[in-house]
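Reading the structure
Take a look at the letters that make up each chain.
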Amino acid sequence: MKKLVFASAMALAGMSLVSVPALRAQGSSDQITIQNPAEFNAYQQASTQTDPNAKAQALEQFLQTYPQSVVKKTVLDQLIDVYQQTNQPDKALSACNRLLQVDPNNMKAIFLSVFLDVSACKKAVDPKTGNLTDEQPCDNAAALAQKGLTASKPEGMADADWSKMTGATYPTFDSAVALDDVLAKKDYAAAVDEYTKELMLYPAEATKSGAALGDTLNLAEALTKPSDKKDLVKAVWFYARAWNFAPPTYRSQIEDKLDYWYKRYHGTLDGPDAIKSQIDAIKTQAAASLFPPASFTIKPAPTPKEIVDNVIATTPDLTKLNLEDKEFVLANGSTDAQAKLWAVLKGQLTPVPGIVISDQATALKISVTTTREVKPKDYVVKLTTPADCDKVPPPPTELHVKDAQAYILANGVKADTDAMGDALTEVPAHIRKIVIDPAITTVNVAVTQDAKDNKTADFIVNLKDPASCKDAPEPDQELKLQPALELDGTYDSYTAIPASAGKEATAQIVLSGGFLQQEQKAAPVHRKPSPAHRTAH
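Residues numbered from 1 in each chain as written. Predicted model: local features only at pLDDT ≥ 70, side-chain atom pairs only at ≥ 80, totals over all residues. Heavy atoms only, no water.

What the chain contains, in helices and strands, is 21 helices and nine strands. Against the compact-globule benchmark of 24 Å for 537 residues, the chain has a radius of gyration of 37 Å, which places it well outside the compact range. The buried share of the chain, reckoned over its 537 residues, is 42%. In the chain, 66% of the contacts between residues at least 6 apart in sequence involve partners at least 24 apart. (Helix = DSSP H or I, 4+ residues; strand = E, 2+ residues; numbered from the N terminus. Rg over C-alpha atoms; globule rule 2.2 N^0.38 Å. Buried < 20%, exposed > 50% of the residue type's maximum accessible area, 1.4 Å probe, protein only. Contact = heavy atoms within 4.5 Å.)

Spanning 19 residues, helix H12 (residues 248-266) covers 27 Å between terminal C-alpha atoms, matching the ideal 27 Å at 1.5 Å per step. All buried positions along H12 are accounted for by Tyr250, Ile254, Lys257, Leu258, Trp261, Tyr262 and His266. In the segment just after H12, Gly267 is the residue with positive phi, at about 90°. (Expected span 1.5 Å × (residues − 1).)

Considering all chains together, one arrives at two disulfides under this definition. Paired through a disulfide, Cys389 and Cys469 show a sulfur-sulfur distance of 2.1 Å. The sign of the S-S torsion, about -75°, decides the handedness of the disulfide formed by Cys389 and Cys469: left-handed. With a gap of 80 residues between them, Cys389 in the loop between strand S4 (377-387) and helix H17 (401-411) and Cys469 in the loop between strand S6 (459-468) and strand S7 (478-479) connect regions that are remote in the sequence. Residue Cys389 is classed as partly exposed on the basis of its relative accessible area, which comes to 27%. For Cys469, a relative accessible area of 18% translates into the label buried. What connects to what in the chain, once the bonded cysteines are numbered by sequence position, is 1-2, 3-4. Cysteine Cys96 remains unbridged, with the sulfur of Cys121 as its closest cysteine sulfur at 17 Å. (Disulfide = S-S within 2.5 Å.)

Okay, the packing of aromatic side chains next. Going through the model one piece at a time under the given rule, you end up with ten aromatic pairs. On the numbers, 5.9 Å between centres and 80° between planes, the contact of Trp342 with Tyr491 is edge-to-face. Here Tyr491 lies in strand S8 (residues 486-497) and Trp342 lies in helix H16 (residues 335-345), a separation of 149 residues in the sequence. On the basis of relative accessible area, Tyr491 is assigned to the buried category, the value being 3%. Cluster of aromatic residues (ring-pair linked, three or more members): Phe111, Phe115, Tyr170 and Phe173. The aromatic ring of Trp243 is capped on one face by Arg251, whose charged end is 3.9 Å from the ring centroid. (Phe/Tyr/Trp six-rings, centres within 6.5 Å; stacked < 30°, edge-to-face > 60°. Lys NZ or Arg CZ within 6 Å of the ring centre and 35° of its normal.)

One pass over the structure, following the stated rule, counts 19 salt bridges. Lys391 is the salt-bridge partner of Asp390, the closest N and O atoms lying 3.7 Å from each other. For the pair Asp390 and Lys391, a shared accessibility class is recorded, and that class is exposed. Notably, a salt bridge pairs Lys470 with Asp437, separated by 3.0 Å at the nearest N-O pair. With Lys470 in the loop between S6 and S7 and Asp437 in strand S5 (residues 431-446), this residue pair connects regions lying 33 residues apart in the sequence. (Salt bridge = Lys/Arg side-chain N within 4 Å of Asp/Glu carboxyl O.)

Following the sequence through the fold, Thr48 ends up in the loop between helix H2 (37-47) and helix H3 (52-65). When the C-alpha positions of Thr48 and Leu424 are compared, they lie 102 Å apart, and in sequence the two are 376 residues distant. A polar side-chain atom of Thr48 sits 2.5 Å from the main-chain carbonyl oxygen of Gln44. (Polar contact = N/O pair within 3.5 Å; in protein donor to acceptor, adjacent residues only side chain to side chain.)

Bringing the confidence of the model for the chain into the picture now. Mean pLDDT over the chain: 89, with 91% of residues reaching 70 or higher. In this model, residues 1-8 is a region of pLDDT below 50 whose contacts with residues beyond four sequence positions or in other chains number 23 contacts. Confidence drops under a pLDDT of 50 for residues 532-537, and excluding neighbours within four residues, the segment shows one contact in the predicted structure. (pLDDT = per-residue confidence, 0-100.)

On to the side chain of Gln405. Locating Gln405 in the fold gives a position in helix H17. Residues in contact with Gln405, not counting those within four places in the same chain, are Ala423, Leu424, Thr425, Glu426, Pro428, Ile431 and Ile434.

Turning our attention to the pairing of S5. Taken together, the three bridges between strand S2 (residues 354-358) and S5 define a ladder with antiparallel strand orientation. In the strand pairing of S5, Val356 is matched with Val445. In this structure, strand S3 (residues 361-370) lies alongside S5, joined through nine bridges in antiparallel fashion. In the sheet register, Ile366 faces S5, and the bridge partner there is Ile436. Two strands pair when backbone bridges link them, and S5 and S6 are joined in this way by six bridges, in the antiparallel orientation. Across the sheet, the residue bridging to Val443 is Val461, located in S6. (Pairing = 2+ DSSP bridges.)

Cis peptide bonds are those with omega within 30 degrees of zero, and the linkage from Gln482 to Pro483 qualifies with 15°. Considering the arrangement of structural elements, one finds Pro483 in the loop between S7 and S8. Its identity as a non-glycine residue notwithstanding, Asn87 has a phi of 55°, on the positive side. Structurally, the position occupied by Asn87 is in the loop between helix H4 (72-85) and helix H5 (89-102). Even without being glycine, Lys455 reaches a positive phi, approximately 55°. Mapped onto the fold, Lys455 is located in the loop between helix H20 (449-454) and S6.

Right, dumping it as structure tokens:
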């Protein structure tokens with residue numbers, strides 16, 4: 001399942017993002033009088049420049065010359081506009097910060113600072129992981145946004161103008177706080193509240209594009225994250241809403257998420273056609289309303305226990321279940337269901353197709369040929385330090401008898417080497433050769449998809465006889481059925497592992513008497529010679 005990190009949703013918002021609202025300079029309408037003629041002339045000359053770059057330079061020079069001017073706030077306000085006009089966000093942010101030093105509640109400076117810090121916050125998201133490389137701009141944006149949300153109406157500003165200003169700024173402030181909750185704080189419950197509050201501020205039509213549409217998708221994402229506000233039913237609705245109005249390049253990603261979370265909540269027992277019809281109906285509903293009606297519900301999937309009970313009741317021959325289904329029953333079924341299945345599995349031989357997780361060398365297969373006996377004598381010695389087959393110290397060649405004896409004593413468990421008796425104490429001259437093969441005794445296999453995804457073994461096959469490393473499968477190798485390499489074993493025991501935080505219930509199944517059936521190579525084709533070849537001499 002391809003992940004859609006919050007960065008993708010932000011990109012969706014950015015495609016149609018409107019420019020910063022044109023916010024007028026705050027303050028009293030009373031005319032400000034500059035008493036110093038030189039200062040007045042410098043201000044007039046700077047503020048009336050028609051070239052934006054020249055105006056910015058002149059305004060900055062004015063502030064250097066008259067740092068305590070009575071029109072300082074007005075000059076900084078003009079600088080903000082000029083730097084926006086010339087697309088210089090860093091300088092615009094600097095002008096905002098300077099304006100906030102002299103006018104801490106200036107809504108225009110707060111808004112633009114939030115806007116620019118949010119942009120920097122989004123750029124700090126690693127596109128591969130969705131994690132932040134720098135939390136500071138996100139935190140800065142959230143802190144200033146909170147300040148903007150609690151700022152009082154400036155003295156002298158009409159109520160209608162204040163209402164218009166807050167209507168233009170509050171959605172962006174809520175969005176910035178939510179973004180910081182998601183990316184920096186990982187507080188998804190708070191993010192759900194902020195995104196919800198933000199979206200309620202928009203007119204219905206405005207939620208079909210731009211920042212509101214991007215945050216509709218972000219709200220869906222936040223509703224799927226672990227928190228006390230996690231709600232997959234609402235998440236499905238907001239994914240469907242976002243899908244309806246997203247540009248074509250984003251629709252497939254959103255639909256993947258919509259399908260995944262719908263099936264995660266509802267299950268897949270209805271079949272693909274029915275599920276598609278159900279999702280299409282939700283898309284139609286969500287197109288007409290940003291928020292789901294109180295009556296909107298999705299039927300939840302049956303519980304694992306309910307699924308197991310249905311399987312047990314409707315399967316005439318439980319041995320015909322595939323390995324994944326058998327593991328699911330043993331992991332999730334009631335005690336009675338587990339016992340009923342295990343009664344027909346215990347002692348039965350089965351192939352174990354899956355992915356090899358590990359099969360370390362745990363023993364040495366040893367063959368000793370002496371001068372007094374015709375047939376070699378075989379031994380199995382446990383390794384003191386099991387290791388991957390390619391990490392076991394290579395044994396000496398079979399004719400280096402003294403070295404072979406030393407190798408066995410150095411690497412084998414003492415009880416097993418003692419049991420070899422004369423083979424390790426005999427004078428080398430009385431031994432023709434010693435053949436040593438590192439060998440495996442257990443193969444750990446991932447059979448279910450969850451086990452494969454998590455790279456953990458849910459089937460453990462203990463071999464009847466050690467298998468030489470040169471014949472053993474390698475980690476990550478796929479085991480299949482003959483004529484491919486096949487692993488077989490007999491059901492011996494199992495352990496049900498209950499579900500835990502973030503992990504579903506599983507079962508670890510142990511098989512005994514295991515053996516490998518090597519891949520069967522196709523026999524070469526022998527063609528009969530043509531009549532011409534048979535008669536030509």
